Amino acid sequence: MERILIAEDDRNTREGLVELLSGEGYEVTGVADGEQAYETARNGQFDVLLTDMKMPRVNGLNLIKRMTGTSPETSIIMMTAFATVETAVKAMRDGAFTYLTKPVKLEELLATIEGALQEKKNRRRTDASTKPPSIPDPDIIGESAQIRDIFERVEKVARANTTVLLLGESGTGKSLIARAIHARSYRKEHPFVDVSCASIPESLLESELFGTEKGAYTGALSTTRKGYFERAAGGTIFLDEIGEISGAVQVKLLRVLQERRFERLGGTEPLHIDVRVIAATNRNLEDAVAEGRYRQDLYYRLNVLPIVVPPLREHRNDIPPLIDYFIRKYTRENGLGDKYISEEALEICTRYDWPGNIREVENAIESAVVLSDGERILPEHLPGFPHAPAIEADAVPVQGSLKDSRGQAEKRLIQQALLESGGNRTRAAEALGVTVRTIQYKIKKYGLQ
């Protein structure tokens, strides 16, 4: 029988919770404040601690700090009013499993307790004592202070089970950091599922994430299909470009984060899931919340353990080792001999801002490796605009067809919009007065990054 400890100073609420959870088959103990809860936990092992935020003597936040030090096996669920939800997020950073906003709904409470117990069982089945691989990660290149800070952050958050939000421009390596967190966690033997939310049509995203029941809608498959969350069971799901999801998907994702359960599209049976969520975005979600385009409660659920990934222009001393790494990678993949970059080409690369960040560096070096005939990579082997001088309008020679000229002009406009938006396709589309889908098509058509 699982044991639950309740710390709640309101007598009626406390006694009601004790009666309710006892009726569900749990062994329940109720105490009136954080000090009593701490002393009770020291004298007996509990599976779950359900604690209020505001209590006399020792409040919920201080109780969590004490409990995570002395009773790390106990899963902690915080109960709080929505007005103090930011403090509840801090509690999760300090080790709480999750939080519930008051008044707590019975169904949500039971689902959350079940999710906490399931997560604990999975942790016990895994050899948590296995030492994680030492960093730096072989796929994350850099020796700057910024990269070392990220390595340290990755090492810390990997040991937790809390949701992580990766923030930064496109191409900064957020997916590699997500994989590094998974590889160092107790979930490393289970799946890592990478989902690009922006690349899935809005009408299909819900079914892709949560799956579909047999015959859920006209044209649906004749068999039940698992979604990405089910495929990631026991492991980690990485939701890239999380700022692009619709309001309907936001609601369903919020429920998964709160209750650890969902229904497939067209289904009525709730499915309980044990999965860690790592999300990433290049958008400012705080602005989206202020403008009413993003749910505040979902933002709080995602932004528990944030990691800000800096753009490459803010740690330029990592550009040379990145270039060396990609030269070795693509000479090996293409069966070419040893190559190196000339001082002139390296200086150009180091001074350039790289709006596409690491992804742009990789593409440029892959092209340069293939285009260079000898051992040296020269400035003329670098593709695109890093080394090209600005072209004056009256200096453009009149040659080629009008169609080609229009294509080049369109390419430059899109390229400039992407530069000014820091690679954000949504903002670039708004600036040019077209849809995001059009921008994505043109980027692929012209080979832009």
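Before reading further, recall that the structure is shown in the block above.
Basis of the calculations
- Residues numbered from 1 in each chain as written.
- Predicted model: local features only at pLDDT ≥ 70, side-chain atom pairs only at ≥ 80, totals over all residues.
- Heavy atoms only, no water.
- Helix = DSSP H or I, 4+ residues; strand = E, 2+ residues; numbered from the N terminus.
- Buried < 20%, exposed > 50% of the residue type's maximum accessible area, 1.4 Å probe, protein only.
- Contact = heavy atoms within 4.5 Å.
- Areas by Shrake-Rupley, 256 points an atom, 1.4 Å probe, with all protein chains shown as cover.
- Expected span 1.5 Å × (residues − 1).
- Pairing = 2+ DSSP bridges.
- Axes fitted to C-alpha atoms, helices over the stretch in contact; angles between N-to-C directions.
- Core = buried A, V, L, I, M, F, W, Y, C linked by side-chain atoms within 4.5 Å.
- Parallel < 35°, antiparallel > 145°, perpendicular 65-115°, else oblique.
- Left-handed = near helix turned anticlockwise from the far one by under 90°.
- Nonpolar A, V, L, I, M, F, W, Y, C, P; charged D, E, K, R; others polar.
- Polar contact = N/O pair within 3.5 Å; in protein donor to acceptor, adjacent residues only side chain to side chain.
- Salt bridge = Lys/Arg side-chain N within 4 Å of Asp/Glu carboxyl O.

**Observations concerning the overall build of the protein chain**
Summing up its helical and strand segments, the protein chain has 18 helices and 14 strands in all. Looking at the protein chain as a whole, 49% of its 449 residues qualify as buried. Within the protein chain, counting contacts between residues at least 6 apart in sequence, those at least 24 apart form 70% of the total. For the protein chain, the computed accessible surface area is about 22400 Å², with 48% contributed by carbon and sulfur atoms.

**With respect to helix 6 (residues 145-158)**
When the terminal C-alpha atoms of helix 6 are compared, their 20 Å separation across 14 residues agrees well with the 20 Å that a helix rising 1.5 Å per residue should span. The set of residues buried in helix 6 consists of I147, I150, F151, V154, E155, V157 and A158. Residues of helix 6 that are buried in the fold lie against strand 6 (164-167), helix 7 (174-183), strand 11 (276-281) and strand 12 (305-308).

**Details of the sheet that holds strand 7 (residues 192-196)**
Pairing within the open sheet is parallel, and its 5 strands lie in the order 7-8-11-6-12. Single-partner strands in this sheet number two, and they are strand 7 and strand 12. When the angles between neighbouring strand axes are averaged without regard to direction, this sheet yields 15 degrees. Note: strand 6 against strand 12, 4 bridges, orientation parallel. Residue pairing for strand 12: L166 is matched across the bridge by I307. Sheet strands in contact with helix 6 are strand 6, strand 11 and strand 12, and its direction is about 160 degrees off that of strand 12.

**A look at the nonpolar core**
Residues F229, I237, L239, I242 and Y294 are the most contacted members of the largest nonpolar core, which totals 76 residues. When residues of this core are assigned to their parent elements, the largest contribution, 6 residues, is made by helix 6. For F229, the residues in contact, after removing those within four places along its chain, are L209, F210, I237, L239, L253, V256, F262, I273, V275 and V277. Core analysis: the second largest hydrophobic core is formed by 20 residues, I319, A345, Y352 and I377 among them.

**Regarding the packing of helix 13 (residues 319-333) against helix 15 (residues 357-371)**
For the pair helix 13 and helix 15, interaxial distance at closest approach is 9 Å and the crossing angle is 45 degrees. By the angle between their axes, helix 13 is oblique relative to helix 15. Remark: the crossing between helix 13 and helix 15 carries right-handed chirality. Between helix 13 and helix 15, the residues in contact are L322, I323, F326, I327, K329, Y330 and T331 and I358, V361, E362, I365, E366 and V369, respectively. Across the contact of helix 13 with helix 15, the residue classes break down as 9 nonpolar, 1 polar and 3 charged.

**Comments concerning the sheet that holds strand 5 (residues 98-101)**
Spatial strand order, 2-1-3-4-5: 5 strands in an open sheet with parallel pairing. In the strand order of this sheet, the two ends are held by strand 2 (27-31) and strand 5, each with one partner. Sheet twist, expressed as the average angle between the axes of neighbouring strands with direction ignored, equals 20 degrees. Sheet topology note: the strand 3 (residues 48-52)/strand 4 (residues 75-80) ladder contains 5 bridges and is parallel. Bridge pairing links V48 to S75 in strand 4. Against the sheet, helix 1 (residues 11-23) touches strand 1 (3-7), strand 2, strand 3 and strand 4, its axis set at about 175 degrees to strand 2.

**Quick look at the side chain of D274**
Mapped onto the elements of the fold, D274 is located in the loop between strand 10 (271-272) and strand 11. On the accessibility criterion, D274 (10% relative accessible area) is buried. A distance of 2.8 Å separates polar atoms of two side chains, one belonging to D274 and the other to R187.

**Quick notes on the side chain of H182**
Along the chain, H182 falls in helix 7. Setting aside residues up to four positions removed in sequence, H182 forms contacts with R187, K188, H190, P191, F192, G235 and T236.

**Some points on the environment of V251**
Note that V251 resides in helix 10 (residues 247-259). Judged by relative accessible area, which is 43%, V251 ranks as partly exposed. It is 8.2 Å that separates the C-alpha atoms of V251 and R295, two residues lying 44 residues apart in sequence.

**Remarks on unusual backbone geometry**
With an omega of -5 degrees, the peptide bond between K102 and P103 qualifies as cis. Along the chain, P103 turns up in the loop between strand 5 and helix 5 (106-125). A positive phi is found at R260, a non-glycine position, where the angle reads about 60 degrees. Within the element layout of this structure, R260 appears in the loop between helix 10 and strand 9 (261-262). The class of R260 is buried, set by a relative accessible area of 12%. The phi torsion at N357 lies on the positive side, around 60 degrees, for a residue other than glycine. Within the fold, N357 resides in helix 15.

**Regarding the pattern of salt bridges**
Counted by the stated rule, this structure contains 24 salt bridges. Residue R184 is joined to E155 by a salt bridge in which the shortest nitrogen-to-oxygen separation is 3.4 Å. Of this pair, R184 sits in the loop between helix 7 and strand 7 while E155 sits in helix 6; the two residues are 29 residues apart in sequence, bridging distant segments of the chain. Across this residue pair, the class does not change: R184 and E155 are buried.

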